[in-house]
Amino acid sequence: MKAVVLAAGEGTRIRPLSGSVPKPMLPVADRPLVAHTVDAAIDAGAEELVLVVGYEADTVREYFEDSYRGVPVTYAIQEGQDGTADAVNAASEHLDGPFAVLNGDNLYDPAAIDALFDACPAVCAVEVENPSNYGVLSTEDDTIVDIVEKPAEPPTNLANAGAYAFPERAREWLEVPTSERGEHEITDVLARVIDEFAVTPVTTDRWMDVGRPWELLEANEWKLGELDRRIEGEVSDAAQLEGDVVVEEGATVKPGVVIEGPALVRSGATVGPNAYVRGATLVDEDASVGNAVEIKNSVLSRGTSVSHLSYVGDSVLGRNVNFGAGTTVANLRHDDEAIKFTVKGERISTGRRKFGVVAGDEVKTGINTSLTPGLKLDAGATSKPGEVVERDR
Ligand code: TTP
């Protein structure tokens, strides 16, 4: 079966992280978010991948090229962001036979994708506490009989997890009318398939839709949590690595460092001397964590540097960020309320008691900068020495 992976979206809700990189290419443990989906599809037996690209398409192409893990990759360009059915329609000319459709910004349990491919026509379903926020599936005799989008009174608590194995005929039904949201939605294609075929729900316990910055942190918590200890880089005898720590070949861990897993130090990265890294943390390629720096439950993207006397907790730093000496991130409110964050101009709750800052690419802080919880720093933002930054910039 061919697998269509939707990776054309910009990820406006995850800004500023999606500035130079489309959301599906943001780092989750040792690979981009979308590569986890692609890998699950390949493991399930996908014979060809059709990646639907649009925003910053070249970043996706450069990573997967024309063949990935021996499986041919083709690209379909979606010109506008007109919805998920429109995205699959863009891939239509590459399809023959039954096909799978997977979201490039979702994390799936690979076992569920395997079961999905075997059960075609099928849809992945997950039990949720708040079904009103999802497409809700109704079933009878282990067959899906209905899907309703975000119903006020959900008939079940079974949510659509955005992974589909469609029969060949679905290719004829990709041109659906515009929905109330003004998009052409894949769920309308699914509704037609449900009418004409017996569609099996493949239930999964674990699934994540990565839409907002703290969900990228949570995606890393998930995938870093699956690491098995592996030390291939240069690690000082005077460093202490506890639990599932991975130090890739070409990474350096200097004396006096303590790393508590799960943590991943990628190739070209340097940690120490005298640094404390706590799980779940990703120190991506060519990033550096210097002397007397503590990093907890954070993502430091490629080329980012926190070099001296700093604390970073529950934060996501984009590429080539530089935190000046003594930069301190606050990640907790005195009243213990959930930290809020600005998504598309609106302050919303992250639902997290602990959340630090989100910094876009090339952010630079002056020495002794204090950053308050839930702060968003746009790409290229700066602070002066000694500043207390309390508002997004
Ligand atoms: P969304 O998360 O709904 O959209 P997005 O990725 O653009 O993010 P945001 O809402 O923050 O702007 O998309 C779900 C998946 O479908 C995701 O993998 C991107 C993909 N997609 C397309 O490929 N084309 C589209 O037109 C849309 C709307 C989404």
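Parameters and conventions
- Residues numbered from 1 in each chain as written.
- Predicted model: local features only at pLDDT ≥ 70, side-chain atom pairs only at ≥ 80, totals over all residues.
- Heavy atoms only, no water.
- Domains from an automatic or database assignment.
- Contact = heavy atoms within 4.5 Å.
- Buried area = accessible area lost by both parts, 1.4 Å probe.
- Salt bridge = Lys/Arg side-chain N within 4 Å of Asp/Glu carboxyl O.
- Polar contact = N/O pair within 3.5 Å; in protein donor to acceptor, adjacent residues only side chain to side chain.
- Helix = DSSP H or I, 4+ residues; strand = E, 2+ residues; numbered from the N terminus.
- Nonpolar A, V, L, I, M, F, W, Y, C, P; charged D, E, K, R; others polar.
- Core = buried A, V, L, I, M, F, W, Y, C linked by side-chain atoms within 4.5 Å.
- Buried < 20%, exposed > 50% of the residue type's maximum accessible area, 1.4 Å probe, protein only.
- 1 Å grid on protein atoms, 1.4 Å probe; cavity = no way out; pocket = protein on both sides within 12 Å on 5 of 7 lines; lining within 4 Å.
- Points joined across faces, edges and corners; volume = space filled by probe spheres on them.
- UniProt positions renumbered as here; feature names shortened; annotations may be inferred.
- Pairing = 2+ DSSP bridges.
- Expected span 1.5 Å × (residues − 1).

1. Some remarks on the domain arrangement of the protein chain
Per the domain assignment, the segments making up the protein chain are domain 1 (2-210) and domain 2 (223-389). On a C-alpha basis, the centroid separation for the pair domain 1 and domain 2 is 31 Å. The interface of domain 1 with domain 2 comprises 14 residues on the first partner and 23 residues on the second. For the domain 1 face of the interface with domain 2, the top three residues by lost area are Pro16, Leu17 and Ala29, together amounting to 39%. Applying the counting criterion to the domain 1 and domain 2 interface returns zero salt bridges. The interface formed by domain 1 and domain 2 holds three residue pairs in polar contact (both at pLDDT 80 or more) in total. Looking at the side of domain 1 that touches domain 2, the elements with two or more residues in it are strand 2 (27-28) and strand 8 (106-108). Split into classes, the residues belonging to the side of domain 1 that touches domain 2 amount to eight nonpolar, three polar and three charged.

2. Some thoughts on the nonpolar core
Val38, Leu49, Leu51, Phe64, Ile113 and Phe117 are the most contacted members of the largest nonpolar core, which has 67 residues in total. Counting residues per element, this core draws most heavily on helix 1 (residues 33-43), which supplies seven residues. Three or more residues apiece are contributed to this core by two domains, here domain 1 (2-210) and domain 2 (223-389). If near-sequence neighbours (up to four positions away) are discounted, Leu51 is found in contact with Val5, Val38, Val60, Phe64, Val73, Thr74, Tyr75 and Ala76. Listed in part, the 34 residues of the second largest apolar core include Ile259, Val329, Ala359 and Leu371.

3. Observations regarding the layout of surface pockets
The space that makes up the largest pocket amounts to roughly 1,600 Å³. The wall of the largest pocket is formed by 48 residues, among which Arg13, Asn103, Asp105, Arg181 and Asp209 lie closest to the centre. Of all the elements in the fold, those that place two or more residues in the lining of the largest pocket are strand 1 (2-7), helix 3 (84-91), strand 9 (122-127), strand 12 (158-166), helix 5 (186-196) and strand 14 (207-209). Looking at which element gives the most residues to the lining of the largest pocket, the answer is strand 12, with four residues. Of the residues assigned to the lining of the largest pocket, the class counts are 13 nonpolar, 17 polar and 18 charged.

4. Quick word on unusual backbone geometry
Here the bond from Gly261 into Pro262 is cis, since omega is 5°, no more than 30 degrees from zero. Counting through the fold element by element, Pro262 comes out in the loop between strand 20 (258-260) and strand 21 (263-265). Phi is positive for Leu309, which is not a glycine, with a value near 50°. As for its placement among the helices and strands, Leu309 is situated in the loop between strand 28 (305-308) and strand 29 (311-313).

5. Details of the UniProt feature "domain: Mannose-1-phosphate guanyltransferase C-terminal" (unreviewed entry) in the protein chain
Per the UniProt record, "domain: Mannose-1-phosphate guanyltransferase C-terminal" (unreviewed entry) is annotated on residues 259-349. Taken end to end, residues 259-349 is 0% helix and 47% strand, and its two terminal C-alpha atoms sit 30 Å from one another.

6. Considerations on the pairing of strand 4 (residues 48-53)
In terms of burial, strand 4 is largely enclosed, as six of its six residues are buried. Along strand 4, one buried face is formed by Glu48, Val50 and Val52 and the opposite face, lined by Leu49, Leu51 and Val53, is buried too. Two elements, strand 1 and strand 4, share six bridges in a ladder whose sense is parallel. In the sheet register, Ala7 faces strand 4, and the bridge partner there is Val53. Relative to strand 6 (residues 71-77), strand 4 runs parallel, the two being bridged by five bridges.

7. Some remarks on the sheet that holds strand 15 (residues 230-231)
The strand order across the open sheet formed by eight strands is 15-18-21-24-27-30-35-38, and the pairing between neighbours is parallel. Both outer strands of the open sheet, strand 15 and strand 38 (375-377), are each paired with one neighbouring strand and no more. Here two bridges tie strand 30 (residues 316-317) to strand 35 (residues 357-359), and the two strands are oriented parallel to one another. Of the residues in strand 35, the one forming a bridge with Leu317 is Ala359.

8. Some thoughts on the side chain of Lys23
Following the sequence through the fold, Lys23 ends up in the loop between strand 1 and strand 2. With relative accessibility at 6%, the residue Lys23 sits in the buried group. A polar atom in the side chain of Lys23 sits 3.1 Å from the backbone oxygen of Val210. Excluding anything up to four places from it in sequence, Lys23 contacts Gly9, Glu10, Gly11, Arg13, Ile14, Ser18, Leu33, Asp105, Val210 and Gly211.

9. Comments concerning the pairing of strand 33 (residues 340-343)
The pairing of strand 33 with strand 34 (residues 346-349) spans four bridges and is antiparallel. Its bridge partner lying in strand 34, Lys340 is registered against Ser349. Counted along the chain from strand 33 to the antiparallel partner strand 34, the turn is two residues long, and its residue Lys344 has a positive phi close to 45°.

10. A look at helix 6 (residues 213-224)
Count 3.6 residues to each turn of an α-helix, and residues three or four apart come out pointing the same way. With 12 residues, helix 6 ought to run about 16 Å at 1.5 Å a step, and its terminal C-alpha atoms sit 17 Å apart, in line with that. What helix 6 keeps buried is the set Pro213, Trp214, Glu215, Leu216, Leu217, Ala219, Asn220, Trp222, Lys223 and Leu224.

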